[in-house]
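Summary of structural features
The chain contents come next:
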Amino acid sequence: MDTKFYVDMEDIYGAHNYHPLDVVLIKGKGIWVWDAEDNKYLDFLSAYSAVNHGHCHPRVVKAVSDQAKQLTLTSRAFRNNQWPLMAKELCDLTGYEMVLAMNSGAEAVETALKAARMWGYQKKGIPENQAEVITCENNFHGRTITIISFSTEEHYKKDFGPFTPGFIQIPYGDIEELEKAITPNTAAFLVEPIQAEAGIIIPPEGYLKKAKQVCEKNNVLFIADEIQTGLGRTGKLFACEHEGFQPDMAVIGKSLAGGCYAVSAVVSSREILSVFTPGSHGSTFGANPLACAVAREALKVMQEEQFNDNAVKQGTYFLNKLKSLKSKYIKQVRGKGLLIGIELTPEAGGARRFCEALMNEGLLCKETHENVIRFAPPLIIKKKELDWAFKRVKKVFREID
Ligand SMILES: *Cc1c(COP(=O)(O)O)cnc(C)c1O
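Residues numbered from 1 in each chain as written. Predicted model: local features only at pLDDT ≥ 70, side-chain atom pairs only at ≥ 80, totals over all residues. Heavy atoms only, no water.

Side note on the site of the ligand
Close contacts around the ligand come from Ser 104, Gly 105, Ala 106, Phe 140, His 141, Gly 142, Glu 192, Asp 225, Ile 227, Gln 228 and Lys 254, and that covers them all. At 2.8 Å, a backbone N or O of Ala 106 approaches an oxygen atom of the ligand. Interatomic distance of 2.7 Å between a side-chain N/O atom of Asp 225 and a nitrogen atom of the ligand. Look at the ligand: alone it shows 380 Å² of surface, and the protein chains cover 80% of it. Among the residues forming the shell around the ligand, the class breakdown is three nonpolar, five polar and three charged. (Near = heavy atom within 4 Å. Polar contact = N/O pair within 3.5 Å; in protein donor to acceptor, adjacent residues only side chain to side chain. Areas by Shrake-Rupley, 256 points an atom, 1.4 Å probe, with all protein chains shown as cover. Nonpolar A, V, L, I, M, F, W, Y, C, P; charged D, E, K, R; others polar.)

Here it is in C-alpha cells:
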C-alpha cells in the first residue's frame, strides 16, 4: 500500500476538514517519522505541540500499555485510583489548588468558560445571563460552536451560526482596549500568551502581566489558554511565567499525555473550581484511569528530561540561526523557546509552497495562516538535529529565492 492509495482513500471516505500535506506517516520514533515508502522525516511540527516528548516515548508508551492492561475506563459514576494521583501531582507541579480533567483542548476551554460564568454569577454577583467574557482578535481556542462564536476568523465561522452571545473581542496586546472593554458584567478575560495559530504573534513585553493587574483591579478572572504554549514549549512550564505571574485559571492539553492519549485540564484555585457541584458538568472519558496514568508519566518525563531547559537552549540557538538567513522573502523571524515562526513577505507566494519544498527535503512543517511557517519540533531535539534541519531550511530558501 503506497502513499497514493491512502491519499485517495482518505479523500473519498474522510471528510475534507483539513488540507494535509500528502505524506502518509506510518511510524514514529523520537523526533523522526516514516512514510508509506519508508522515507524518513524530521517532525518539525510535533502535532501542533502535542508531541513534545517525541513520538512513542518509551516511558509514555509503557504507561499506556501497563494501564491498558489494568483498567481503562470507569466513568465518573465510580472513582478510580489514577485520577486522584494525577490531580495531586498536577497541582504540586503547577502551584494550583484544583484540577478538572477533560479530553480535548476545546472541551477544557469550554470548561474554563463555564467556570468563569458560574464564578461571575455566584461570587461576583453578575445578574443572571449577563456575564461577558473578553477575548482577543485573531484568537484560536478550538472549534466548538461557542468557541468559534468569539473567533474573528471568517473561515472558522461561515455557515455555523447562530452563535453563542456574551463574548467581546479586543485587539491583542493592547492594555487600554482591555480596560475600556471591562464592564461590571465582565467575568473573565481569555487570552493566549502567544497567539500560535495566528502566526506566532508575541504580545509586547509586559502586556500579560499588566492585563492580569487590570483584571485583578476589576475583579475579572484572567484565563490563560496554555494549550499550545504550556508544558515547556516556550521554555517555562507556562508561558505566563516569563512575566512572573500566575493566571487565575490555566487551560492545558496537547502534550499533557505526551501525544499518546487525548487529555486536557483546567487548573485553578479552590475558590474558582469549587463552583462546580455534582451534575453541573461532566465527561464520560474525562479523568479516566488510562488518561490519568499516561498523563502522570508524561509529566514526570517532561520534568526529568528537563524540557524547559532544552526548549530555551535549543530554541535560542535555532532562532539565532534562522535570523542569519538572508532572503528577500523573509519579513520577520520570531519565537520563544521552541515555538518559532518565519513570517514571509506577501511576494513570497504563501508559506504552503515552502512547507511542501521542506517536506521534499525531509523536514515536516506546516504553514499557519497564509504567510507564516511554524517550527515547533519535539522538545527532546538536540543541537546537531537542528543543524540538520537548518541546512534544509537554508537550501529551500536559496532555491526558491
Ligand atoms: C490546539 C489548541 C486548542 C484546541 O485544542 P483541541 O485539542 O484541538 O480541541 C485550543 N487552544 C489553543 C491555544 C490550541 O493551540
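What about the domain arrangement of the protein chain?
Taken domain by domain, the protein chain holds domain 1 (3–56 + 306–400) and domain 2 (59–304). Here the C-alpha centroids of domain 1 and domain 2 sit 26 Å apart. At the junction of the two partners, domain 1 supplies 31 residues and domain 2 supplies 32 residues. Summing both partners gives a buried area of about 2,400 Å² for domain 1 against domain 2, and 56% of it is carried by carbon and sulfur. Where Glu 197 meets Arg 374, a salt bridge forms, and the shortest distance between an N and an O atom there is 2.8 Å. Scanning the region where domain 1 abuts domain 2 turns up 18 residue pairs in polar contact (both at pLDDT 80 or more). Breaking the side of domain 1 that touches domain 2 down by element, the ones donating at least two residues are helix 2 (46–49), helix 12 (307–323), strand 11 (330–336), strand 12 (339–344) and strand 15 (372–375). Per-class residue counts for the side of domain 1 that touches domain 2 are 16 nonpolar, 12 polar and three charged. (Domains from an automatic or database assignment. Contact = heavy atoms within 4.5 Å. Buried area = accessible area lost by both parts, 1.4 Å probe. Salt bridge = Lys/Arg side-chain N within 4 Å of Asp/Glu carboxyl O. Helix = DSSP H or I, 4+ residues; strand = E, 2+ residues; numbered from the N terminus.)

A closer look at the sheet that holds strand 2 (residues 32–35)
The mixed open sheet is built from four strands, whose spatial order is 1-2-3-13. Only two strands of the sheet have a single neighbouring strand rather than two, namely strand 1 (25–29) and strand 13 (363–364). Where strand 2 and strand 3 (residues 40–43) come together, three bridges link them in antiparallel fashion. Note on strand 3: the bridge partner recorded for Trp 34 is Lys 40. (Pairing = 2+ DSSP bridges.)

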